[in-house]
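A structural walkthrough
Each chain is listed here by its residues.
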Amino acid sequence: MRAKFAAYLLCSALACPLMAQAEAPLSAIDWLNDPVPNPLTLSPDLVEPEVTQTALTPDISVTPLGEIQSDAVGLLPPKMTGLPLDLWQHSATDDLVDLIEAQSVKTLPAMQALFYTLMLAEAEAPGDSDQRNRLLTARLDALLDLGAVEAVQAILDRANPATPDLFARWFQATLLTGDEDRACLQLMQTPRLAPSYAARVFCTARSGDWSTAALILETGRALDLINTQELALLQHFLDPELFEGEPLPHPPVRPSSLVFRLREAVGEPMATAPLPRPFAVADLRGNTGWKAKIEAAERLAQTGALAENRLLGIYSERSPAASGGLWDRVDAVQKLDVALRTGDTDAVEVTLPKAFVAIKVARLEVPFAKLFAEPLSLIPLAGQAAEMTYRLALLSSEYETAAQIQGEDHPDMAFLTALARGAPQEIPAKTEVEKAIQDGFAQTTLPDIFAQDAADRRLGEIILRAMTLYQRAVEGETNQLATALATLRSVGLEDAARQSALQILLLDRGV
């Protein structure tokens, strides 16, 4: 077989006709040559500092121009996040990276939302930022871990992924979204960015130059620069007829995005369910079955990486052809959606409990609340359906309005109602968690443990540390809850504090 492949390479070197044709690559990446939209300008009011009065050499901080801006790139400007531009500026990069890596928000919707806001925010880079772009890399990795592959790609579309570390993440994201031709075009223009030798082979083939791709592959094989898995897959990818019948290696437990796409390309796709969450994004493309698409959508919605409207759209693509488990959940949501659209009160009272229980099993209560809390509030319901409607309303973004309008109808949820209104101290606490919430809302100033951080203007660190305290509270350290909530409220994150407190009571996430 190697002899046949060597002959094939000889044919390639002699410019024999191409064995296959690939899709034409994109002709250009427009933003690569765009000028900076808002160049920095000096204010005419700036006054030059006085000349030093000593002969001592001053401490000088050197910052290479144009190299630190990647750490500042985001998708959400301050006017959308409400966060200041100096969110990260006064912190040490190492401290921020450690705090970002320590976050565990996969099961906590309110913390997920706050974490996304922080990771996607436009903000000045830390003072010690350098060309390694460690803060941006940590943010991208955190987003990838949550499955927010499209957000990672969007950030890197705005930043120039001109370093190997950033390009590797851009390449990974585009492979999963099916947009790899853009990354491949840049790799072909700048080969030093290639995350691996196998990536060079793949992108060369995607550009249509199959003969050169084959030569690069053979060179990589001879120099032992391509592992066994990649070699076999690339051989089948470049010439499926020549290697037809040759067995492929057993798929790895933790494949790279490239191996994942290559197995798909040679007709041996891997199921994404046992793979890390980012791979679920690949199942949202049109070449997967409906069941796999639903499972992927639910995995991503659980971490806030998929919008609830998109989840509902996937649920509604067709009628379930089976029953049990996932199909019962899809059927229940579809029937509730139809009942709400037709305004059938009786149908809503029958379908809501089934859908509510099914969604709770999947830990999708908050996306479900965002979808249905408002239309449910317009239907006159009673009994169990009315109680579920109120609980969903408290999990939605309109929790305060719901508490003002519906709260008096649910005296058994008086503490939740008072909390949603921002005054949990009005109702006697019955549990340790409720007492901790009251303590958090009773405190009106920043806890002392963050005094130095506040003095040094390290707002990003304060928020991340408060999120860590909240996670500890969810895991059982209830005494940390008051500090976490008080901190969020004192820095202006009242909405995040209330939703976090409501969710720790309404969702079964640990406490």
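See the structure printed just above.
Owing to the predicted nature of the structure, the values given are computational and were not obtained by experimental measurement.

Further remarks concern the overall build of the protein chain. Across its full length, the protein chain carries 25 helices and zero strands. Across the 511 residues of the protein chain, 50% fall into the buried class. Intrachain contacts of the protein chain at a sequence separation of at least 6 include 65% that bridge at least 24 residues. In the structure as shown, the protein chain presents an accessible area of about 25000 Å², 52% of it carried by carbon and sulfur atoms.

On to helix α19 (residues 399-406), then. Within α19 the residues assigned to the buried category are Tyr399, Ala402, Ala403 and Gln406. Looking down the long axis of α19, one finds its buried residues gathered within 100° of arc, a one-sided arrangement. Where α19 is buried, its residues touch α17 (365-377), α18 (383-395), α20 (414-420) and α25 (494-506).

Counting residues in hydrophobic clusters, the biggest one holds 153 residues, and the most contacted among them are Phe202 and Ile437. Ranked by the residues each element gives to this core, the list is headed by helix α23 (residues 459-474), at ten residues. Ignoring sequence-local partners within four residues, the contact set of Ile437 consists of Phe415, Leu419, Pro424, Leu481, Leu485, Ala501, Ile504 and Leu505.

Moving on to the environment of Thr228. Examined against the element boundaries, Thr228 turns out to sit in helix α11 (residues 228-238). Taking relative accessible area as the criterion, Thr228 reaches 62% and is therefore assigned exposed. Spatially, the C-alpha atoms of Thr228 and Pro249 are 7.8 Å apart, while their sequence positions differ by 21 residues.

On to the environment of Gln235, then. With respect to the helices and strands, the residue Gln235 is situated in helix α11. Each C-alpha atom of the pair Gln235 and Ala214 lies 8.2 Å from the other, and the pair is 21 residues apart in sequence.

The next subject is the packing of aromatic side chains. Using the criterion set out here, one finds seven aromatic pairs in the structure. A connected cluster of aromatic rings, assembled from ring pairs, spans Phe167, Trp170 and Phe171.

Every buried residue of helix α24 (residues 479-490) is listed here: Gln480, Leu481, Ala482, Ala484, Leu485, Ala486, Thr487 and Leu488. Against α4 (109-120), α21 (432-442), α23 and α25 lie the buried residues of α24. Just downstream of α24, Gly492 is the residue with a positive phi angle, here 95°.

What follows covers the state of the cysteines. With the rule as written, the count across this model stands at one disulfide. A disulfide bridge connects Cys184 with Cys203, and the sulfur atoms are separated by 2.1 Å. When the S-S torsion is -65°, as for the bridge of Cys184 with Cys203, the disulfide is left-handed. With Cys184 in helix α8 (residues 180-189) and Cys203 in helix α9 (residues 197-206), this pair connects stretches of sequence that are 19 residues apart.

Turning our attention to empty space enclosed by the protein. One pass over the full model with this rule turns up three cavities of 30 Å³ or more. Volume-wise, the second largest cavity comes out at about 40 Å³. Lining of the second largest cavity is provided by Gly147, Ala148, Val149, Glu150, Val281, Leu284, Leu300, Ala305, Leu306 and Arg310. Here the lining of the second largest cavity is built from residues that sort into seven nonpolar, one polar and two charged.

Moving on, we get to the layout of surface pockets. A volume near 1100 Å³ is recorded for the second largest pocket. The wall of the second largest pocket is formed by 47 residues, among which Ala113, Val366, Lys370, Ser397 and Gln499 lie closest to the centre. Among the elements of the structure, α2 (78-81), α4, α13 (290-302), α17, α18, α19 and α25 are those that each provide at least two residues to the lining of the second largest pocket. Counting residues per element, the lining of the second largest pocket draws most heavily on α17, which supplies eight residues. Along the lines of polarity and charge, the residues of the lining of the second largest pocket split into 22 nonpolar, 14 polar and eleven charged.

A few words now on the side chain of Arg458. The residue Arg458 is located in the loop between α22 (451-455) and α23 in this model. Contacts of Arg458, omitting those with residues within four sequence positions, involve His90, Ser91, Gln452 and Asp453.

Angle between the axes and distance between the axes: these two values describe a pair of packed helices. Look at α11 against helix α12 (residues 257-265): their axes get within 9 Å of each other, and the N-to-C directions meet at 35°. For α11 against α12, the interelement crossing comes out left-handed. In this structure, α11 contributes Gln229, Glu230, Leu233, Leu234 and Phe237 to the contact, and α12 contributes Val259, Leu262, Arg263 and Ala265. Each residue belonging to the contact of α11 with α12 can be placed in one class, and the counts come to six nonpolar, one polar and two charged.

So, how was this worked out
Residues numbered from 1 in each chain as written. Predicted model: local features only at pLDDT ≥ 70, side-chain atom pairs only at ≥ 80, totals over all residues. Heavy atoms only, no water. Helix = DSSP H or I, 4+ residues; strand = E, 2+ residues; numbered from the N terminus. Buried < 20%, exposed > 50% of the residue type's maximum accessible area, 1.4 Å probe, protein only. Contact = heavy atoms within 4.5 Å. Areas by Shrake-Rupley, 256 points an atom, 1.4 Å probe, with all protein chains shown as cover. Arc of directions from axis to C-beta. Core = buried A, V, L, I, M, F, W, Y, C linked by side-chain atoms within 4.5 Å. Phe/Tyr/Trp six-rings, centres within 6.5 Å; stacked < 30°, edge-to-face > 60°. Disulfide = S-S within 2.5 Å. 1 Å grid on protein atoms, 1.4 Å probe; cavity = no way out; pocket = protein on both sides within 12 Å on 5 of 7 lines; lining within 4 Å. Points joined across faces, edges and corners; volume = space filled by probe spheres on them. Nonpolar A, V, L, I, M, F, W, Y, C, P; charged D, E, K, R; others polar. Axes fitted to C-alpha atoms, helices over the stretch in contact; angles between N-to-C directions. Left-handed = near helix turned anticlockwise from the far one by under 90°.

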